[in-house]
Structure formats: C-alpha cells, structure tokens
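One-letter residues, chain by chain:
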Amino acid sequence: MTATTVRRGGLGLLAWLAGIVFFLPIAWMALTSFHSEADAATNPPSFTAAFTLDGYREFFGTGGGASPWPALLNSAVASVASTLLVLLLALPAAYALSIRRVRKWTDVLFFFLSTKMLPAVAGLLPVYLFAKNAGMLDNIWLLVVLYTSMNLPIAVWMMQSFLAEVPVAVIEAAQIDGARLPTVLARVVAPIALPGIAATSLICFIFSWNELLFARVLTGVVAETAPVFLTGFITSQGLFLAKVCAASLVVSLPVLAAGFAAQDKLVQGLSLGAVK
C-alpha cells in the first residue's frame, strides 16, 4: 500500500465523517418529528418510541391551526422570482467583467462584494421606512426586489469566475456569423456555463428561501413567508419540539430537493476552473 493510497483513504474517511456530522442533526430532526410531544421531550431521547404523524397534522392545520400553504407559496414566489431576476441581471454583468472586460473590472468586483459587508440589520430601518412610506409593507413583491438586490452581488462574483472559462473563440465565431449580444448570451455563453449558472441559482434560491430578518419585519399576514410562519410555533406556552421538528423538515424539503436535483451541476459549477 503506497503513501498516496493511504492519504486518499484518510481523506475519504474524513469526508465521510464530516458528512455524517452534518447529516446527524437532520436525521435527529426527522426522527423527532415522528414522535409524540411527550416522547420528544424525554431526556435522553427515546429511539424506540412509537411513531406518530401528529406533528405533521398540526403543522398542516388539520387540528384547527393556521394553514402553512400561503406562507409556503409566498416563499416559493419570492425565491423563484428573485432568482430569475438575479440570473437575468448577473449574466450580462458577469459577461462584461470576464469576457468583454470593462476598465478597472477588479474594482467593480470589489464594489459588488463590499455591499455584502454591511450587516443586514443596519439597513433594516431605512428599508422599513421606505416600504412604509411607499405603502409596500406586507407585499411579496417588495421581498422579491430585496432578495434580488441582496443576492445580485454574490451572483455576479460567482458567475464572473464561471464565464471566465468560456472560450473566447466560440463567442467570436458566433459574432462573425452575425449573432448579437442577446443571442450570444442565450445560445453560446449560457449553455457552456450552465453548471456555474445552476450553482449560482441554487445558492441564490437557498439564501432567499431561508431569509428571515426582512421577511419578519416587512410582512404580516398576506406576504408571510415559510420561515416567518415557522417562528409562530415557538409560543409563550412552551416549545413543542415534535411539531417544530415536523414544520422545520417540511420547510427544508424544497431546498433539499433542489440541491439533490441539481447536485451534479452544483459540483461541476463549484469546481469549474479549479483544474486547468
């Protein structure tokens, strides 16, 4: 057995251990969601307790509670719409910063990234006052605009590195054939950089779906999102662990499903340009 084989085996074992460590909280949450409140509250937890769907019944409102479907629909609309807007804006911006580079493009990239250095809570009050004066409180489209502006800098930063790997000769050949910029972006650049675009869209979708601070302050009943709805399960009467775990698992499913469906594109996109 060579030293290279031992090193690869050790790295593989570490990767498996890291994966198990990250997976254990999700598995624990899923297991607890199928227990009754009495069994979920035991310390240490009981692994042999009977399974029940009471937590899911209460989450979906069959016991007389509020229905989660409006909040889930609001999260889907805000996340998908903002992600599509981010891609439409980030693709030409990344093209101008990677393939047809503007002057001082590195300064432009740093400016985009510097906008993420401001703590979100620092901009909460100005955004709230603007939304109040504009009559846009509890409006889902305000969240779409906010999520687009919040995710656009990181999307441009990511896609710039992805588009830098697109062969310039292919673009020049398309331009010689008479293709204009929209055609080049849609039919030449986008298919080649598809793994990077998929990785960027997935990350923007996750950020939008999980956002809580602005959604909590700027929405009420009409535009309430899934994370805000989830916080309603923590009441002054106590923490109902089984119901909270069931709700958390259901809210996490869209992100987990999107990540599983795009895992091959995500790996290709995040490793794009790593090997020359």
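Now for a look at the structure at hand. Here the structure is a predicted model, which means the values were calculated and not measured. (Residues numbered from 1 in each chain as written. Predicted model: local features only at pLDDT ≥ 70, side-chain atom pairs only at ≥ 80, totals over all residues. Heavy atoms only, no water.)

Glancing now at helix H7 (residues 140-163). In a regular helix each residue adds 1.5 Å, so 24 residues correspond to 34 Å; H7 covers 32 Å between its end C-alpha atoms and thus fits that length. The largest bend in H7 is about 40°, located at Leu 152, with the proline Pro 153 one to four residues further on. With 17 of 24 residues buried, H7 lies mostly within the body of the structure. For H7, the N-terminal capping position is held by Asn 139, with its side-chain oxygen 2.9 Å away from the main-chain nitrogen of Trp 141. (Helix = DSSP H or I, 4+ residues; strand = E, 2+ residues; numbered from the N terminus. Expected span 1.5 Å × (residues − 1). Bend = angle between axes of the 7 residues up to and from the residue. Buried < 20%, exposed > 50% of the residue type's maximum accessible area, 1.4 Å probe, protein only. Polar contact = N/O pair within 3.5 Å; in protein donor to acceptor, adjacent residues only side chain to side chain.)

Running from N to C, helix H4 (residues 69-98) and H7 point in directions that differ by 35°, and their axes come no closer than 6 Å. The two elements H4 and H7 cross, and the hand of that crossing is right-handed. A per-class count over the contact of H4 with H7 returns 23 nonpolar, six polar and no charged. (Axes fitted to C-alpha atoms, helices over the stretch in contact; angles between N-to-C directions. Left-handed = near helix turned anticlockwise from the far one by under 90°. Nonpolar A, V, L, I, M, F, W, Y, C, P; charged D, E, K, R; others polar.)

Here we take up the environment of Glu 165. With respect to the helices and strands, the residue Glu 165 is situated in the loop between H7 and helix H8 (168-176). A C-alpha to C-alpha distance of 9.0 Å links Glu 165 and Ile 192, two positions 27 residues apart in sequence.

Residues Met 159, Leu 163, Ile 171 and Val 189 are the most contacted members of the largest nonpolar core, which totals 25 residues. Counting residues per element, the ones that place at least two in this core are H4, H7, H8, helix H9 (181-192) and helix H10 (194-210). Here this core takes seven residues from H4, the largest share from any one element. Beyond its immediate sequence surroundings of up to four residues, Leu 163 is in contact with Leu 91, Ala 94, Tyr 95, Ser 98, Ile 99, Val 189 and Ala 193. Listed in part, the 18 residues of the second largest apolar core include Phe 205, Phe 233, Leu 249 and Val 251. (Core = buried A, V, L, I, M, F, W, Y, C linked by side-chain atoms within 4.5 Å. Contact = heavy atoms within 4.5 Å.)

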